[in-house]
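# Examination of the molecular architecture
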Amino acid sequence: MMVVEQVSFADLYIHPLNPRLDPPQAEIDALAANIRELGLIQNLAGLRCDGSKVGVIAGGRRLRALAQLQDDARFATVPVKLADDEATAAVWAAAENSLRSALHPADEIHEYAMLREKGVGEAAIAIAFGVTKAHVKRRLRLAGLPEPVLAALRADKIGLTEAAVFVLCDDPVRIEEVLAQIGGHPGRYSEDSIKRLLKAGAVRDTDRRARFVGVPAYRRAGGRISTDLFGGEVYLDDVDILDACFAARFAEVAEETRVRDGWKWVQTSAESSAWGISDQLDAITLYPAEGALTEEETARRDELVLRAEGDDLDPAETEELDRLTAILDGDHTAEQKQHAGVVLYLDYGGELRATHAMVLPVDQPAAAEAGIIERALVAEDDEAPEAAQDGAPRLSEALKQDLRAVRRGARQHAALQQPDLLLDLLAFHLHSNVGRAFSLHRYAVNVTPTTETGYAPDPRLLDTEAGRSNATDLAKAFRAFRKRGAEHVREVLTLELARLLDPSDYGNDMLAPVFDKLAKVEPRAVWTPTTENFFKRAPGGYLDVLWCELRGIEADSTEARTFAKAKKGEKCARLETLFQPETEMPADQRARVAAWLPPEML
């Protein structure tokens with residue numbers, strides 16, 4: 001039965017069930033003036049506890065206003081409707097407060113979670129607050145958000161959509177770092193941008209390594225995962241464990257392939273395409289022996305090919321056509337396989353692929369002796385197999401593309417520091433009828449090499465979606481954009497122009513060098529050669545020449561000859577050491593190392 005009692009103001013306090021944690025002071029002042037003038041129109045609701053004390057579960061703003069009115073005897077005691085038990089009090093608090101001004105999402109999350117802890121079901125919560133059950137479910141999913149995130153949400157430093165992304169991360173330090181970066185700029189960072197910031201050390205389950213290994217195998221090895229509650233995205237948090245699983249499984253598959261197919265060797269590659277792999281190994285491609293069909297098989301295949309053009313084959317006929325085509329394409333003989341092997345790699349989708357068969361330099365003399373390859377293809381004595389006719393070692397096309405991407409990134413990185421120069425170049429670009437300086441479209445120029453090891457331009461250049469608006473009301477969005485002021489507009493313009501800067505792609509052999517000089521473009525400011533991003537991908541002869549250049553020694557010196565005889569892995573490690581800042585070396589050598597760039601980048 002409902003009871004209303006007069007309770008001394010001194011015996012009243014805000015009960016933890018009251019969801020109004022921190023109402024604005026301006027609201028309290030206005031309410032106090034209203035109560036002084038008109039009296040207390042609506043009773044408070046409370047729960048008696050701690051003897052004579054009564055906790056106010058509904059009417060927290062009124063109680064705070066009454067505290068300002070204790071100079072008026074009318075308010076020395078206050079009428080309070082008392083609940084029979086805590087569960088009833090919890091529902092009263094929810095219902096009474098939800099029918100007034102809408103709760104802030106942060107307070108809403110807090111209140112729903114508290115009610116759930118008291119045993120109140122989602123349906124009852126929905127009825128009490130006048131919302132749908134689905135709405136309650138969405139809020140309760142965010143009940144586990146760290147307190148700093150809820151505080152930032154309550155202070156309107158981030159929006160609800162941005163806050164929801166933080167369920168991905170359980171690292172308090174990283175959460176604080178990301179909040180500091182995005183706080184106060186609601187809408188500037190997209191959900192994907194925040195996810196990348198929070199999960200900088202993790203990979204998605206769509207990563208080709210994860211697809212190859214499989215999430216179950218990764219978890220059996222002790223790997224942790226985290227899940228985006230709303231998008232259903234899965235992140236693998238322990239990349240070291242993933243890499244170990246990947247390496248072990250890749251090695252197993254390589255050995256299985258070697259035994260099953262009879263190759264002399266089978267290697268694996270971290271590349272996502274077959275481009276340049278044979279160059280890295282200094283290998284010679286070995287083509288299969290041609291196959292032959294009988295006259296009857298030839299006629300049958302021609303018939304099936306003709307009908308296949310009209311999609312007129314049933315499954316059995318399709319299988320027959322594939323079999324006849326495989327015979328015609330030929331296969332490597334057992335004798336060829338005694339001298340050759342293949343390299344396995346994963347494509348971008350995580351599918352296992354194999355290169356053409358190859359003969360390694362160490363096997364080439366015996367392969368030529370057996371008539372497997374032409375003797376003229378085998379390098380004589382110390383001649384490097386990758387050397388061109390002019391004697392200069394060549395880089396693979398894939399590596400050269402990466403170097404060009406790094407060069408573009410260095411140019412854009414320097415341009416970000418000089419907005420006036422960018423605007424000058426834009427004006428010239430628009431004014432001139434010949435030549436172009438920018439790639440004027442909505443998509444940024446690619447400045448991301450296949451591996452980002454040793455590459456660190458301004459992060460805004462790599463995260464091309466950061467800060468972009470997805471608003472559908474363009475007129476409203478444009479007005480809001482202008483209100484942010486001329487400084488913000490100029491900042492955005494500078495960034496977007498820098499992302500599009502690419503004078504070299506239009507054959508401007510004169511314009512690009514001039515801009516690079518004015519902007520003081522320094523590729524080494526954003527890129528350092530490492531084993532992964534350069535050395536292991538360059539031919540052995542190239543590394544020999546580079547060692548002599550950086551060390552300032554002659555090619556026929558004892559040191560140069562010793563280096564040339566080393567295994568490629570050792571060469572890569574020794575070269576990488578030269579580019580580490582803590583490595584001690586003479587001043588002239590350090591200057592050469594600091595200034596060195598691959599000629600192919602220029």
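Structure's up top.
Scope of this entry: the structure provided in the associated data block.

Rules of the game
Residues numbered from 1 in each chain as written. Predicted model: local features only at pLDDT ≥ 70, side-chain atom pairs only at ≥ 80, totals over all residues. Heavy atoms only, no water. Helix = DSSP H or I, 4+ residues; strand = E, 2+ residues; numbered from the N terminus. Buried < 20%, exposed > 50% of the residue type's maximum accessible area, 1.4 Å probe, protein only. Contact = heavy atoms within 4.5 Å. Areas by Shrake-Rupley, 256 points an atom, 1.4 Å probe, with all protein chains shown as cover. Core = buried A, V, L, I, M, F, W, Y, C linked by side-chain atoms within 4.5 Å. 1 Å grid on protein atoms, 1.4 Å probe; cavity = no way out; pocket = protein on both sides within 12 Å on 5 of 7 lines; lining within 4 Å. Points joined across faces, edges and corners; volume = space filled by probe spheres on them. Nonpolar A, V, L, I, M, F, W, Y, C, P; charged D, E, K, R; others polar. Pairing = 2+ DSSP bridges. Axes fitted to C-alpha atoms, helices over the stretch in contact; angles between N-to-C directions. Parallel < 35°, antiparallel > 145°, perpendicular 65-115°, else oblique. Polar contact = N/O pair within 3.5 Å; in protein donor to acceptor, adjacent residues only side chain to side chain. Arc of directions from axis to C-beta. Phe/Tyr/Trp six-rings, centres within 6.5 Å; stacked < 30°, edge-to-face > 60°. Lys NZ or Arg CZ within 6 Å of the ring centre and 35° of its normal. Salt bridge = Lys/Arg side-chain N within 4 Å of Asp/Glu carboxyl O.

## Looking at the overall build of the protein chain
Regarding its fold elements, the protein chain presents 28 helices and 13 strands. Burial statistics for the protein chain: of 602 residues in total, 41% are counted as buried. Within the protein chain, residue pairs in contact and separated by at least 24 positions form 72% of the contacts whose partners lie at least 6 positions apart. For the protein chain, the computed accessible surface area is about 32,500 Å², with 52% contributed by carbon and sulfur atoms.

## Details of the nonpolar core
Ranked by size, the top nonpolar core spans 42 residues in total, and within it Trp527, Phe534, Phe535, Leu550, Leu575 and Leu578 carry the most contacts. Within the residue set of this core, elements represented by two or more residues are α19 (397-416), α20 (419-431), α23 (486-500), α24 (511-519), α25 (540-551) and α27 (568-578). One finds Val234, Ile284, Leu286 and Ala357 within the second-largest nonpolar core, a separate group that totals 28 residues.

## Regarding empty space enclosed by the protein
As enumerated under the stated definition, the model contains one cavity of 30 Å³ or more in all. What lines the largest cavity is simply Leu399, Asp402, Leu403, Val406, Pro449, Thr451, Tyr455, Trp527, Asn533 and Arg537. Of the residues contributing to the lining of the largest cavity, the split by class is six nonpolar, two polar and two charged.

## Thoughts on the sheet that holds strand β6 (residues 203-204)
Taking strand neighbours across the sheet as the criterion, the three strands line up as β6-β8-β7 in an open arrangement whose pairing is antiparallel. Each end of this open sheet is capped by a strand with a single partner; those strands are β6 and β7 (225-227). Sheet topology places β6 next to strand β8 (residues 234-236); two bridges connect them, and they run antiparallel. Paired with Val203 across the bridge in β8 is Leu236.

## Things to note about the packing of helix α1 (residues 25-38) against helix α2 (residues 60-67)
Interaxial distance between α1 and α2 falls to 8 Å at its minimum, and their mutual angle equals 70°. The angle between α1 and α2 places the two elements in the roughly perpendicular class. The segment α1 lies against α2, with Glu27, Ile28, Leu31, Ala32 and Ile35 engaging Arg61, Arg62, Arg64, Ala65 and Leu66. Among the residues forming the contact of α1 with α2, the class breakdown is six nonpolar, no polar and four charged.

## Focus: unusual backbone geometry
A positive phi is found at Asp156, a non-glycine position, where the angle reads about 60°. Inspection of the secondary structure puts Asp156 in the loop between α7 (147-154) and α8 (160-165). The phi dihedral of Lys520 is positive, around 55°, even though this residue is not glycine. Along the chain, the position of Lys520 falls in the loop between α24 and α25.

## Digging into the packing of helix α4 (residues 105-117) against α7
The relative placement of two packed helices comes down to the angle between their axes together with the axis-to-axis distance. Across the interface, α4 lies against α7 with an axial gap of 8 Å and an inter-helix angle of 135°. In terms of their interaxial angle, α4 and α7 are classed as oblique. Along the contact surface, α4 presents Pro105, Ala106, Asp107 and Ile109, while α7 presents Leu150, Leu153 and Arg154.

## Focus on the side chain of Asp347
Within the fold, Asp347 resides in the loop between β11 (341-346) and β12 (352-354). One polar contact links the side chain of Asp347 to the main-chain amide nitrogen of Glu351, over a distance of 2.8 Å.

## Here we look at the sheet that holds strand β5 (residues 77-82)
The strand order across the open sheet built from five strands is β1-β5-β3-β4-β2, with neighbouring strands paired in mixed fashion. Lying at the two open borders of the sheet, with one neighbouring strand each, are β1 (3-8) and β2 (12-14). Strand-to-strand, the axes of this sheet are offset by a mean angle of 50°, without reference to chain direction. Here β2 pairs with strand β4 (residues 54-58) via three bridges, running parallel. Of the residues in β4, the one forming a bridge with Leu12 is Val54. Set on the sheet, α2 makes contact with β2, β3 (44-48), β4 and β5; between it and β2 the angle comes to about 130°.

## Some thoughts on helix α6 (residues 133-141)
Turning to α6, its buried residues are His135, Val136, Arg139 and Leu140. Down the axis, α6 shows its buried residues gathered within 130° of arc, on one side only.

## Concerning the environment of Ser190
For Ser190, the location among the structural elements is in the loop between α9 (172-182) and α10 (191-198). By relative accessible area, which is 15% here, Ser190 ends up buried. As a C-alpha pair, Ser190 and Glu162 span 28 residues in sequence and 7.8 Å in three-dimensional space.

## Here we look at the pairing of β5
Relative to β5, β1 is paired through six bridges, and the arrangement is antiparallel. For Val3, the partnering residue across the bridge sits in β5 and is Leu82. Inspection of the sheet shows β3 paired to β5 by three bridges, in the parallel sense. Residue Gly46 lies in a different strand from β5, and its bridge partner there is Leu82.

## Examining the packing of aromatic side chains
Two aromatic rings, taken as a pair, are described by how far apart their centres are and by the angle between their planes. Under the definition given, this model contains ten aromatic pairs. Summarising the aromatic geometry, the rings of Phe246 and Phe250 are spaced 5.0 Å apart at their centres and angled 45° between planes, so their arrangement reads as tilted. Of this pair, Phe246 and Phe250 both sit in helix α13 (residues 239-261), four residues apart, roughly one helical turn. Clustering of aromatic rings is evident, with ring pairs tying together Trp527, Phe534, Phe535, Tyr542, Phe579 and Trp596. The positively charged end of Lys337 is found above the aromatic ring belonging to Trp263, 5.2 Å away from the centroid.

## Side note on the pattern of salt bridges
For the structure shown, the criterion picks out 31 salt bridges. Across the salt bridge formed by Lys137 and Glu122, the nearest N and O atoms sit 3.0 Å from each other. Linking Lys137 in helix α6 with Glu122 in helix α5 (residues 122-129), this pair joins segments that are 15 residues apart in sequence. With a relative accessible area of 40%, Lys137 lands in the partly exposed category. Taking the shortest distance from any N to any O, the salt bridge between Arg407 and Asp516 comes out at 2.9 Å. Placement of the pair is Arg407 in helix α19 and Asp516 in helix α24, with a sequence separation of 109 residues. Classification of Arg407 by relative accessible area gives buried; the value is 15%.

## Some points on α9
Within α9 the residues assigned to the buried category are Ile175, Val178, Leu179 and Ile182. Taken down its axis, α9 places every buried residue within 105° of arc, on the same side. Counted as exposed and oriented over 90 degrees from the buried face of α9: Val173 and Ala180. Tucked into the core, α9 has its buried residues touching α7 and α10.

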